[in-house]
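Residue-level structural notes
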Amino acid sequence: MKLVCFLYLCTAILTSLIFMKHTLALFAILMLLAFNANSQKFAILSDIHVTPGNQCDSALRVAVEEINQVDYDMVIVDGDLTNEGSDEQLKNVKNILDGIRHPLVVLPGNHENNWSQSATKTFVDLWGNDRFVATVDSLVLIGINCGPYMKMGDGHIKQEDLHWLRTTLDRLATGGKRVVSFNHYPLLSDLDNVADYVGLLEEYPVIAHVNGHYHRWNNYPTGGADSGSDLQCVTVRALDLGHGDFGYSIMEIDPEWLHFYNKELGKPAKPMYAFANRAEHKKAKFPEREALAVPAGFKVTKVWADSASIFTRLGFDRDNVYFGNSVGQARSVSKDGKQGWTIPTGASIFSRPVALGKGRVAVPVHDAILIVDAKSGKIIRRQASKEGPYVADGMLTPDGKGYIQGAYKRIERRRPTDGKLVWSYDSIFNYCQAAPAIDGNDLVFGAWDTNLRCLDLRNGRLKWVWNNGKSANMLGPGNVVPVIADDKVIIVAPDRFMTAIDRESGRHLWRDNSHRYRESLGHSEDGKTVYAKTMDGELVAVDATSPDFKELWTVDLGLGYEHAPCVIAEHDGYIYTGSRRGLVTITRVADHKHIATLALGSSEINGIDVDPTSGDIYVSLIEGTIYRIESI
């Protein structure tokens, strides 16, 4: 219809101008009309951060009305639709975006992936997927999710999304079609597997990449200034630029050029960037990944490489390793790397399976706890969730008679034999995520409602509750495994403090911010020392027996900026830490010397787990690999 209208107008003007014999004017107008007839125009909303009733809520409604007045080929929403990814916030923004009368595609951002009431499931339920592909004339628009997924971490393209990207572009990017790529994060070091992602895109006729995340305009080459690439990337504006400047972005593509415009609400669009519409580019150069160097006295074995990403820590029994992946498969793998059973569950799994003994494994998923036969994978019993998904790391009580599992707005004790509920503590106002700590009859755990709690293990009754005085959920102890040391409980949290709390009363004893702590914590095997990994890549050792804060020693692990909430483990005289970029460090206890860094991959280490049956160290990486580290 658009082309027909232009041709009709063109004919009318042609007739008029022939009559007037204005040949030069005729040629100019014909060229202008040909340009308009062959261009595509897109509105892009990114980082809209809508909470019901806030300023962005009102501004988005105005933006939708304005967008509907223009003949756009498509509207793209490029992540961070909400602030905390709650079901209420997602449904509210979906209701607003449903008012758009143009074709619409939507991607999540870190605020939908990192803090999610539904463990990212509601987004998929509402929009059908967390990736998209669409064709508009000779263009292929394709977008994928990039995390981080239910915990602090770098952006990451899931393994199954890389597979999907390749097969989809193999099918669609043919016959002279050109591609525009979208996701929420820039094609820079913000993505841990950016080299894999870019390498794949470079195999196809990609003319540009569009992202959000930084709330400001930016035009940069793929991989950054030193990569050598000339494939143009554009970071588009947020809905709110911070000074009452609400608006969105416009991308217009014609056969020769790509144009980007800043569109402030109620004002004319202003040009931002223009660059040539080219499908051939110099390939980006990325730093080579470190080769795996294993120090003397250790052996490293890759146990498993999955076709999907892995977000869980690991469960063990004598023969097998248990985990869940991003496509919702619960899996059993033998310790020599042979595939056992696989159970499809329908949504990404974030909670580690727990070996219950007597041939049973508990698999917490989005809507239930599955009690599974360890040998066959047969589901023996399904205990439905009372409310929300299971994303916390569960554990057996030290005597093996109880199975403790955190959940959305509650923590539960169940019978290991059949998963039947013994008690449930329901006075939590957000979800539990990390494993609890248990000593005697004290069960201590954090939640994303700013609070740390101590319950009586026997009956689930509250002993005390403590918080750091911050009102923001994201600054609380929601994803730290506490350390119980004699008469105190010690935690670290995103408020960047280490805190010691009186175990009996819940009163804080001391708080220290001499280092930039976050969520990574552990303890020595004798329980007398607490270890914390800082945001500066240090390992800090603190005396757990002292009545006051007492730093024993600190060593620089050489990790640089760090935020992976990976537990720290000491075993057989060595301390193991995990990083956001696939590195496991080994520090010798005797002399506090950092002796090795194992480069196992490029993505975050989910956890350092000691196999209780062998004493070996196991780690899983988000990129879908599992390694065993043995001290020999």
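Cut-offs applied
Residues numbered from 1 in each chain as written. Predicted model: local features only at pLDDT ≥ 70, side-chain atom pairs only at ≥ 80, totals over all residues. Heavy atoms only, no water. Salt bridge = Lys/Arg side-chain N within 4 Å of Asp/Glu carboxyl O. Helix = DSSP H or I, 4+ residues; strand = E, 2+ residues; numbered from the N terminus. 1 Å grid on protein atoms, 1.4 Å probe; cavity = no way out; pocket = protein on both sides within 12 Å on 5 of 7 lines; lining within 4 Å. Points joined across faces, edges and corners; volume = space filled by probe spheres on them. Nonpolar A, V, L, I, M, F, W, Y, C, P; charged D, E, K, R; others polar. Pairing = 2+ DSSP bridges. Axes fitted to C-alpha atoms, helices over the stretch in contact; angles between N-to-C directions. Buried < 20%, exposed > 50% of the residue type's maximum accessible area, 1.4 Å probe, protein only. Arc of directions from axis to C-beta. pLDDT = per-residue confidence, 0-100. Contact = heavy atoms within 4.5 Å. Parallel < 35°, antiparallel > 145°, perpendicular 65-115°, else oblique. Left-handed = near helix turned anticlockwise from the far one by under 90°. Disulfide = S-S within 2.5 Å.

Evaluation of the coordinates by the stated rule reveals 38 salt bridges. Its salt-bridge partner being Lys463, residue Asp442 comes within 2.4 Å of it at the nearest N-O pair. Here the residue Asp442 occupies a position in strand β27 (residues 442–446), and Lys463 occupies one in strand β29 (residues 462–467), the gap between them amounting to 21 residues. Look at the salt bridges and you will find they share partners, linking Arg313, Arg352, Asp393 and Asp609 into a network.

Inspection of every chain in the model, using the stated rule, returns three cavities of 30 Å³ or more. Computed from the structure, the largest cavity encloses a volume of approximately 240 Å³. Here the residues of the lining of the largest cavity are counted per class, giving 13 nonpolar, four polar and four charged. Its boundaries defined by the atoms lining it, the second largest cavity holds a volume of some 40 Å³. Grouping the constituent residues of the lining of the second largest cavity by class yields four nonpolar, two polar and four charged.

Take the sheet that holds strand β17 (residues 339–344) next. If you trace the four strands from one edge of the open sheet to the other, you get β14-β15-β16-β17, paired in antiparallel fashion. Two strands bound the open sheet, and with one partner strand each, they are β14 (315–316) and β17. With two bridges connecting them, β14 and strand β15 (residues 320–324) associate as antiparallel partners. Considered in β15, the bridge of Gly315 is made with Tyr322.

A separate point is the sheet that holds strand β12 (residues 270–276). With respect to topology, six strands assemble into an open sheet ordered β3-β2-β1-β10-β11-β12, the strand pairing being mixed. The two strands at the open ends of the sheet, each matched to only one other strand, are β3 (104–107) and β12. Averaged over all pairs of adjacent strands, the angle between strand axes in this sheet comes to 20°, irrespective of strand direction. Bridging between strand β11 (residues 257–264) and β12 involves six bridges; their strand directions are antiparallel.

For helix α8 (residues 194–201), the set of buried residues is Val194, Tyr197, Val198, Leu200 and Leu201. Down the axis of α8, the buried set is contained in an arc of 160°. They therefore lie on one face.

As a further point, take the confidence of the model for the protein. Confidence in the prediction for the protein averages 93 pLDDT; 94% of positions are at 70 or higher. Taken as a whole, residues 1–36 scores under 50 in pLDDT and shows 18 contacts with residues more than four places along the chain or in a different chain.

Time to look at the layout of surface pockets. Put simply, the largest pocket is a space of about 1200 Å³. In terms of lining, the largest pocket is formed by 36 residues, of which the most central are Arg313, Arg352, Met395, His523 and Val610. Secondary structure elements with two or more residues in the lining of the largest pocket: β14, β18 (354–357), β22 (395–396), β26 (437–439), β30 (483–485), β34 (517–523), β38 (568–571) and β42 (605–610). If one sorts the elements of the lining of the largest pocket by residue count, β38 sits on top with four residues. As for the second largest pocket, its lining consists of 22 residues, and the residues nearest its centre are Asp192, Pro287, Glu288, Arg289 and Arg581. With three residues, the top contributor of residues to the lining of the second largest pocket is α8. When the residues that make up the lining of the second largest pocket are grouped by side-chain class, the tally is eight nonpolar, five polar and nine charged.

Our focus in this paragraph is the environment of Thr222. Considering the arrangement of structural elements, one finds Thr222 in the loop between β8 (218–221) and β9 (232–235). Along the chain, Thr222 and Lys283 lie 61 residues apart, while their C-alpha atoms are 8.8 Å from each other. Leaving out residues up to four positions away in the same chain, Thr222 has contacts with Leu187, Val198, Ser227, Ser229, Leu231, Cys233 and Ala284.

What follows is about the pairing of β29. Taken residue by residue, a regular strand's side chains alternate between the two faces of the sheet. In terms of strand pairing, strand β28 (residues 451–456) meets β29 through five bridges, oriented antiparallel. Residue Arg453 lies in a different strand from β29, and its bridge partner there is Val465. Connecting β28 to the antiparallel partner β29 that follows it, the hairpin turn spans five residues, and Gly460 within it adopts a positive phi of roughly 80°.

When two helices pack together, their arrangement is given by the angle between the helix axes and by the axis-to-axis distance. In contact at an axis separation of 9 Å, helix α3 (residues 55–67) and helix α4 (residues 87–97) are set at 25° when each is read in the N-to-C sense. The orientation of α3 relative to α4 falls into the category roughly parallel. Helix-helix and strand crossings are classified by hand; for α3 and α4 the assignment is right-handed. On α4, the residues that touch Asp57, Leu60, Arg61 and Val64 of α3 are Asn92, Val93, Ile96 and Leu97.

What follows deals with the state of the cysteines. Tallied over the entire structure, the rule returns zero disulfides. With no disulfide of its own, Cys56 lies 20 Å from the sulfur of Cys146, the closest cysteine sulfur. For Cys56, a relative accessible area of 9% gives the class buried. In this structure Cys233 is not part of a disulfide, and its nearest cysteine sulfur, from Cys146, lies 13 Å away.

Relative to the elements of secondary structure, Leu90 occurs in helix α4. Considered as a pair, Leu90 and Ser116 are 26 residues apart in the sequence and their alpha carbons are 9.9 Å apart. The contacts of Leu90, once residues within four sequence positions are left out, are Thr82, Gly85, Glu112, Thr122, Phe123, Leu126 and Trp127.

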